[in-house]
Amino acid sequence: MSGAAAMAFKAALDAAPSVRRLGCLVAFNGLVIEAQGPDAVIGELCQLSGHGSEDPVLAEVVGFRDGRVLLMPFGHLRGMSIGATVEALGRRARIPVGNDMIGRVLDAFGAPLDGKPPIRADAEKDIHGVAINPMARAPLTEGLETGVKAIDGLVPLAKGQRVGIFAGSGVGKSTLLGMLAGHVRADVIVVGLIGERGREVADFLQDALSKEGRERSVLIVATADQPALTRTHAVHAAHAVAEHFREQGLDVLLVIDSITRFAMAQREVGLATGEPPTSRGYPPSVFNLLPQILERGGSLKGAGTITAVYSVLVEGDDMNEPVADHMRAILDGHIVLSRDLAARGQLPAIDVLSSISRLQSKICLADDLTLMRQTRAMVAVYESSRDLVEMGAYQAGTNPALDEALRCQPRITDFIRQSPGERSTRESSMRMLRDLLSGELA
């Protein structure tokens, strides 16, 4: 054996585990596996194999109870029986990362879903990452051009900002996310589709996301039929992929659709492991994890940026339900979609009065901020008197501010309206607002 071969053999021998930590499955209750052993730690991966099962199943240690190890599987346990072997693997969940991911559709573990060969990874990243030192963050002072007029003109975002899109079902949330991913000026787009129907994944790829957007996007997918732990895993994996590209000095747009389905999946995990239900059945771990996830975005000194957009599915259009309320408190801004505006044909159905960007004063000129305030004021005056006007009870000339709002309202609505394939620049959006208020579009 040559010297190089001997060294490689010795390295492989040193890396091989000298002992196997084994346990056996003793119970399976709903979502949780109970095992006698192995000697494992929280977050460690284990492999389950039994005589009746077709393939080994990967699981993660999520807790302990009465001397037993609690695990949750990433796959289905069909064919698994009492006494199945549980082997600790000595590693945490990781995902392969690299430039070969761009333009691909992957599952929560980095395996291809698009029928193409496996990706060529440059490295592997722990999906949970590490907490960022607040002093390592760079200030957010540079605007992000999204290509969506209503956002660039009225709710401007900064590179590295974290923003939520709050909407009920069927109001155009996925369409707006597709517009953002297709039109935004960013180097890489990472999209996490969490808990979606399988049909919606293909629809998002083919309809909502443009060809240009697909060519610079990484899609991480965990559909609704997959186990709860896989769905939560996909959210962490999407953040890990975005962090990899930020470390390369790139500007990344991270889109998670939806963070509410992540919270629901974590609720399943927490309740199954014995956590007490609190607000609307959500256990404490949900509200502990949300800020940990959201803090992974932003801008770092000497690196790139992650602008994170999280869709929040508000149940029953209740903007004060627990997840929505908690997210609104953590985020740097929120964009609210209105079912009433969608019914009136205003798409995207952005409710200007309910939406806000907390960083707009840091990235906009004073003249632009004045334009935004004037536009919002006109929308507020119109909305406060809309019922009166529609009943025909208002007489022109009674309220000059309302007269001006009535004159500009059709143009404001036309300004907000935008078809999915239409792209705008921030300069053109502000120019349109300026002309709109000056009456030059009349």
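Numbering of residues starts from 1 in every chain and runs along the sequence as written. Selection of residues for local features in this predicted model requires a pLDDT of at least 70, selection of side-chain atom pairs for listing and counting requires 80 or more, and totals for whole chains, interfaces and linings are taken over all residues. Hydrogen atoms and water are omitted, and side-chain values are computed over all heavy atoms in the structure.

## Topic: the packing of aromatic side chains
Stacked, edge-to-face and tilted are the three classes for Phe, Tyr and Trp ring pairs, Trp counted by its six-membered ring, which pair at centre distances within 6.5 Å; planes under 30 degrees apart are stacked, over 60 edge-to-face, the rest tilted. In total, this model carries two aromatic pairs according to the counting rule given. Ring geometry for Phe74 and Phe109: centres 5.1 Å apart, planes at 85°, overall edge-to-face. Of this pair, Phe74 sits in the loop between β5 (68–73) and β6 (85–88) while Phe109 sits in the loop between β8 (104–107) and β9 (123–126), placing them 35 residues apart in sequence. When accessible area is computed with a 1.4 Å probe and restricted to protein chains, residues below 20% of their type maximum are described as buried, those above 50% as exposed, and intermediate ones as partly exposed. Residue Phe74 is classed as buried on the basis of its relative accessible area of 8%. Residue classification places Phe109 among the partly exposed residues on the basis of a relative accessible area of 29%. With a centroid separation of 6.0 Å and an interplanar angle of 70°, the aromatic rings of Tyr282 and Phe287 are classed as edge-to-face. Neither residue differs from the other here; Tyr282 and Phe287 are each classed as buried. Numbering of helices and strands runs from the N terminus, with a helix taken as a DSSP run of H or I at least four residues long and a strand as a DSSP run of E at least two residues long.

## Let's talk about helix α14 (residues 426–438)
Since the α-helix advances by 3.6 residues per turn, residues separated by three or four positions end up pointing in the same direction. To estimate how far a helix should extend, the number of its residues minus one is multiplied by 1.5 Å. The end-to-end C-alpha distance of α14 is 18 Å, a good match for the 18 Å that 13 residues give at a rise of 1.5 Å each. Along α14, the positions that sit buried rather than exposed are Arg426, Ser428, Ser429, Met430, Leu433, Leu436 and Leu437. Buried positions along α14 lie against α2 (149–154), α12 (366–390) and α13 (400–416). Contacts are residue-level and defined by heavy atoms, with any inter-residue pair within 4.5 Å sufficient.

## Examining the pattern of salt bridges
Throughout this description, the term salt bridge denotes a Lys or Arg side-chain nitrogen within 4 Å of a carboxyl oxygen of Asp or Glu. Counted by the stated rule, this structure contains 33 salt bridges. Of the charged contacts, one joins Asp203 and Arg199 as a salt bridge, the two residues approaching to 2.7 Å between their closest N and O atoms. Residue Asp203 and its partner Arg199 are both found in helix α4 (residues 198–208); the two are separated by four residues, about one turn of the helix. The salt bridge involving Asp340 is made with Arg344; its shortest N-O contact spans 2.7 Å. Since its relative accessible area comes to 34%, Arg344 is described here as partly exposed. Via salt bridges that share partners, Asp340, Arg344, Glu383, Arg386 and Glu390 belong to a single interconnected network.

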